[in-house]
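# Coordinate inspection notes
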Amino acid sequence: MGQTGSEIYYLKEAEVKLLLAGLGIKRWYGFFSEEAAGRMPPEAFHRVLAGLYQKGVVAWEQGDALVRQPYARMLAAMLKEKRCITMQVAGCTHPLRCCYIAGPEVVVMQKSQREHATVGLSEMSAENWLGLAGEITDSLPEDACLEFSCRNSESGECEQKIAVRQEGIRVRRIDQENASGAACIHCMQEELAVRLGELLGMEGFRADR
């Protein structure tokens, strides 16, 4: 289980790459190892596809490979808006998360701490995801910040950067940088989720809530 109680499903990066390729996606931001970024030779393709079948990720139906749930649902969410937000505490041991936003849902891809070239996929509501960001911020050591980078999932182009840090016990400072310039916002601890949701353009979050 993840920090929010969501089930985490582990796949090799090559397996995720193959699933995305089956949906016509050739470039994707979020892989952590160099080998996942290269072209897959035919023998590796068949080996990876067989592994997906053995794990129950895909099933054969009339000669075609069909992606089973919950993987099909998570892939659909990842491709819906093609927006990726990386989330990491600068200079700390918190794992880097690549979070794909799809309306009120978020799919989180996180590097496995135990298995090489393996990622964990989980799904959660936007509300729970923003709550997770708040919990991480509350536990930040002094002078640390939680960094967000908003990117296009296919090109990897960074569209916006946000850094959140504590200022006192209950005050949170949000530094934002995008094409329009830079801004600094202060809010109370309990307002952080709403403010982040608004700045990140997440469905259902407004500053006047």
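Conventions and cut-offs
Residues numbered from 1 in each chain as written. Predicted model: local features only at pLDDT ≥ 70, side-chain atom pairs only at ≥ 80, totals over all residues. Heavy atoms only, no water. Pairing = 2+ DSSP bridges. Helix = DSSP H or I, 4+ residues; strand = E, 2+ residues; numbered from the N terminus. Axes fitted to C-alpha atoms, helices over the stretch in contact; angles between N-to-C directions. Contact = heavy atoms within 4.5 Å. Salt bridge = Lys/Arg side-chain N within 4 Å of Asp/Glu carboxyl O. Buried < 20%, exposed > 50% of the residue type's maximum accessible area, 1.4 Å probe, protein only. Phe/Tyr/Trp six-rings, centres within 6.5 Å; stacked < 30°, edge-to-face > 60°. Polar contact = N/O pair within 3.5 Å; in protein donor to acceptor, adjacent residues only side chain to side chain. Core = buried A, V, L, I, M, F, W, Y, C linked by side-chain atoms within 4.5 Å.

What follows concerns the sheet that holds strand S1 (residues 9-12). Taking strand neighbours across the sheet as the criterion, the nine strands line up as S1-S7-S6-S5-S4-S8-S9-S10-S11 in an open arrangement whose pairing is antiparallel. In this open sheet, the two edge strands, each paired with only one partner strand, are S1 and strand S11 (181-188). For this sheet, the mean angle separating the axes of adjacent strands, direction not counted, is 25 degrees. Sheet topology note: the strand S9 (residues 158-167)/strand S10 (residues 171-178) ladder contains eight bridges and is antiparallel. Pairing of Ile162 across the sheet is with Gln176, part of S10. Against the sheet, helix H4 (residues 126-138) engages strand S4 (83-89), strand S5 (97-102), strand S6 (105-111), strand S7 (118-125), strand S8 (146-152), S9 and S10, with an angle of about 110 degrees to S7.

On to the environment of Tyr29. In this fold, Tyr29 is placed in the loop between helix H1 (13-22) and helix H2 (42-54). Tyr29 sits 53 residues away from Lys82 along the chain, and the two C-alpha atoms are 9.6 Å apart. Apart from the residues lying within four places of it in its own chain, the contact partners of Tyr29 are Cys84, Thr86, Cys98, Tyr100, Arg151, Asn152, Ser153 and Gly156.

A full pass over the atoms with the stated rule returns 10 salt bridges. With its nearest N and O atoms 3.3 Å apart, the salt bridge here joins Glu154 to Lys82. Placement of the pair is Glu154 in the loop between S8 and S9 and Lys82 in the loop between helix H3 (71-81) and S4, with a sequence separation of 72 residues. Glu154 gets classed as partly exposed once you look at its relative accessible area, which sits at 29%. Through salt bridges with shared partners, a single network forms among Arg165, Glu167, Arg173 and Asp175.

Overall, the coordinates contain four aromatic pairs when judged by the stated rule. A ring pair is formed by Tyr9 and Tyr71, whose centres lie 5.6 Å apart and whose planes are at 70 degrees; its orientation type is edge-to-face. Taken together, the residues span a long stretch of sequence, with Tyr9 in strand S1 and Tyr71 in helix H3 at a distance of 62 residues. Residue Tyr9 is classed as partly exposed on the basis of its relative accessible area, which comes to 24%. Ring geometry for Trp129 and Phe148: centres 6.1 Å apart, planes at 70 degrees, overall edge-to-face. Of this pair, Trp129 sits in helix H4 while Phe148 is found in strand S8, placing the two residues 19 residues apart along the sequence. In this structure Phe148 comes out as buried when scored by relative accessible area, which is 1%.

On to the side chain of Thr137, then. With respect to the helices and strands, Thr137 occurs in helix H4. Using a relative accessible area of 0% as the deciding quantity, one classes Thr137 as buried. From its side chain, Thr137 meets the backbone oxygen of Ala133 in a polar contact 2.8 Å long.

In this structure, Val106, Trp129 and Phe148 are the most contacted members of the largest nonpolar core, which totals 29 residues. Looking at this core, the elements with two or more residues in it are S4, S5, S6, H4, S8, S9, S11 and helix H5 (192-199). Apart from residues no more than four positions distant in its own chain, Phe148 is found in contact with Ile85, Thr86, Met87, Trp129, Ala133, Gln160, Lys161, Ile162, Val164 and Leu196. Listed in part, the 26 residues of the second largest apolar core include Leu49, Val58, Leu75 and Ala77.

Turning our attention to the pairing of S5. On a regular strand, one side chain projects to one face of the sheet and the next to the other, so that they alternate. Within S5, six of the six residues are buried, which leaves the element mostly enclosed by the surrounding structure. Alternating positions in S5 separate into two faces, Arg97, Cys99 and Ile101 on one and Cys98, Tyr100 and Ala102 on the other, with burial throughout. Bridging between S4 and S5 involves five bridges; their strand directions are antiparallel. The residue of S5 that forms the bridge with Thr86 is Cys98. In terms of strand pairing, S5 meets S6 through six bridges, oriented antiparallel. The partner of Ala102 across the bridge, within S6, is Glu105. Linking two consecutive strands that pair antiparallel, namely S5 and S6, is a turn of two residues; a positive phi of about 65 degrees is found at Gly103 within it.

Scope: geometric values only; no functional claims are made or implied.
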